[in-house]
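# Observations on chain architecture
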Amino acid sequence: FPTRRSSDLAAVILAALVGMGAWLAVDQEARAMVSRWIRTVYESSVIYRFFGAAPEGELPDYRPTWVPDGYVEVQSLHTGLERVLVYQSSDSAFTLTYYWMDDTGIDILDGTSVKSKAVSVQEDPGYYYPSAGPGSTNDLIWADEASGLVFILSAYLPEHDILHIAESVELSDIPK
């Protein structure tokens, strides 16, 4: 049988967890202590800020293992700070960009649809941004805090294809 003392302790722990959750929901700086990034919406821009130091060494090589029929990789750029992969079909293209999450990084998505949708990509948090209009891509940004990487997928593809590509992104064993 539980004693009064153990039920009091459980109530205190539950109250602390609820209070911490409310605090994290309201206070961006508090969230930064728990998470390595903060997302802020300002007018027609979405601003991402990252915290912590980038790991030492070269960026790992990631590739999607699934792309829609007809798409092939046509370019792979490595600037030292980021990698950009470009895939093209006969009538369209998409890019996958990724880089280290660190406190020098601020990403500003200007002119995007601020109507976003919270999503999960491989159990990591992210946001899907539908096209803001003609000539604008649909964008997906997600953060893999375990690896310390931010990924951005920009495409003229439907949401389900973009999410499918993102779910398939994995560390590649392609020799450098």
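Use the structure listed above.
Structural notes, computed from the coordinates. (Residues numbered from 1 in each chain as written. Predicted model: local features only at pLDDT ≥ 70, side-chain atom pairs only at ≥ 80, totals over all residues. Heavy atoms only, no water.)

### Some remarks on the packing of aromatic side chains
Here is the rule we go by: For Phe, Tyr and Trp, rings pair up if their centres lie within 6.5 Å, where Trp contributes its six-membered ring, and each pair is then called stacked (planes under 30 degrees apart), edge-to-face (over 60) or tilted (otherwise). Strands here mean DSSP runs of E at least two residues long; helices mean DSSP runs of H or I at least four residues long; both are numbered from the N terminus. Burial classes follow relative accessibility: with a 1.4 Å probe on protein chains only, a residue under 20% of its type's maximum area counts as buried, one over 50% as exposed, and anything between as partly exposed.
This model, assessed by the stated rule, comprises 6 aromatic pairs. Taken together, a centroid distance of 5.4 Å and an interplanar angle of 80° make the contact between Tyr62 and Phe151 edge-to-face. Here Phe151 lies in strand β11 (residues 149-155) and Tyr62 lies in strand β3 (residues 62-64), a separation of 89 residues in the sequence. Each member of the pair, Tyr62 as well as Phe151, is classed as buried. Taking the centre distance of 4.9 Å and the plane angle of 5° together, the rings of Tyr87 and Phe94 count as stacked. Among the aromatic side chains, those forming a connected cluster through ring pairs are Tyr62, Tyr98, Trp142 and Phe151.

### Structural notes on the sheet that holds strand β9 (residues 124-129)
What counts here: By this definition, two strands are paired if DSSP reports at least two bridges between them. To get an axis, fit a line to the C-alpha atoms, keeping to the stretch in contact for a helix; angles then go from 0 to 180 degrees between the N-to-C directions. Residues are treated as being in contact if the distance between any of their heavy atoms lies within 4.5 Å.
Pairing is antiparallel across the open sheet formed by 7 strands, whose spatial order is β4-β5-β6-β11-β10-β9-β8. Where the open sheet ends on each side, the last strands, each with one partner, are β4 (72-78) and β8 (117-121). Adjacent strand axes in the sheet meet at a mean angle of 20°, parallel and antiparallel pairs treated alike. Bridging between β8 and β9 involves 5 bridges; their strand directions are antiparallel. Bridged to Val121 within β9 is Asp124. Contacting β6 (93-100), β8, β9, β10 (138-144) and β11, helix α3 (residues 159-168) runs over the sheet at an angle of about 35° to β8.

### Here's the deal with unusual backbone geometry
Phi at Gln122 takes a positive value of approximately 50°, unusual for a residue other than glycine. Judged by its relative accessible area of 35%, Gln122 is partly exposed. Phi at Glu123 takes a positive value of approximately 70°, unusual for a residue other than glycine. Structurally, the position occupied by Glu123 is in the loop between β8 and β9. A residue is classified by how much of its surface remains accessible, and Glu123, at 77% relative accessible area, is exposed.

### As for the pattern of salt bridges
As a reminder, the rule being used: Salt bridge criterion: a side-chain nitrogen from Lys or Arg within 4 Å of a carboxyl oxygen from Asp or Glu.
Within this structure, the stated rule accounts for 5 salt bridges. For Arg63, the salt bridge identified is with Asp61, shortest N-O distance 2.5 Å. The same class applies to Arg63 as to Asp61, namely buried. Where Arg63 meets Glu73, a salt bridge forms, and the shortest distance between an N and an O atom there is 2.8 Å. With Arg63 in strand β3 and Glu73 in strand β4, this residue pair connects regions lying 10 residues apart in the sequence.

### Re the nonpolar core
Our working definition: Each nonpolar core is a collection of buried residues, namely Ala, Val, Leu, Ile, Met, Phe, Trp, Tyr and Cys, held together in the definition by side-chain atoms within 4.5 Å.
Of all hydrophobic cores here, the largest spans 23 residues; its most connected members are Phe94, Leu140, Trp142, Phe151 and Leu153. Contributions of two or more residues to this core are made by β5 (82-88), β6, β8, β10, β11 and α3. For Leu140, the contacting residues outside a window of four places in its chain are Val119, Val121, Tyr127, Tyr128, Phe151, Ile152, Leu153, Ile162, Leu163 and Ala166.

### A closer look at the side chain of Asp161
The condition that has to hold: As used throughout, the charge tally considers Lys and Arg to be positive and Asp and Glu to be negative, leaving His and the chain termini uncounted.
As for its position among the elements, Asp161 is in helix α3. Despite its burial, Asp161 pairs with no opposite charge; the closest candidate is Lys117, at 13 Å N-O. Residues contacting Asp161, with those up to four places away along its chain left out, are Trp66 and Pro68.

### Remarks on the environment of Asp69
Relative to the assigned elements, Asp69 resides in the loop between β3 and β4. A C-alpha to C-alpha distance of 8.3 Å links Asp69 and Ser89, two positions 20 residues apart in sequence.

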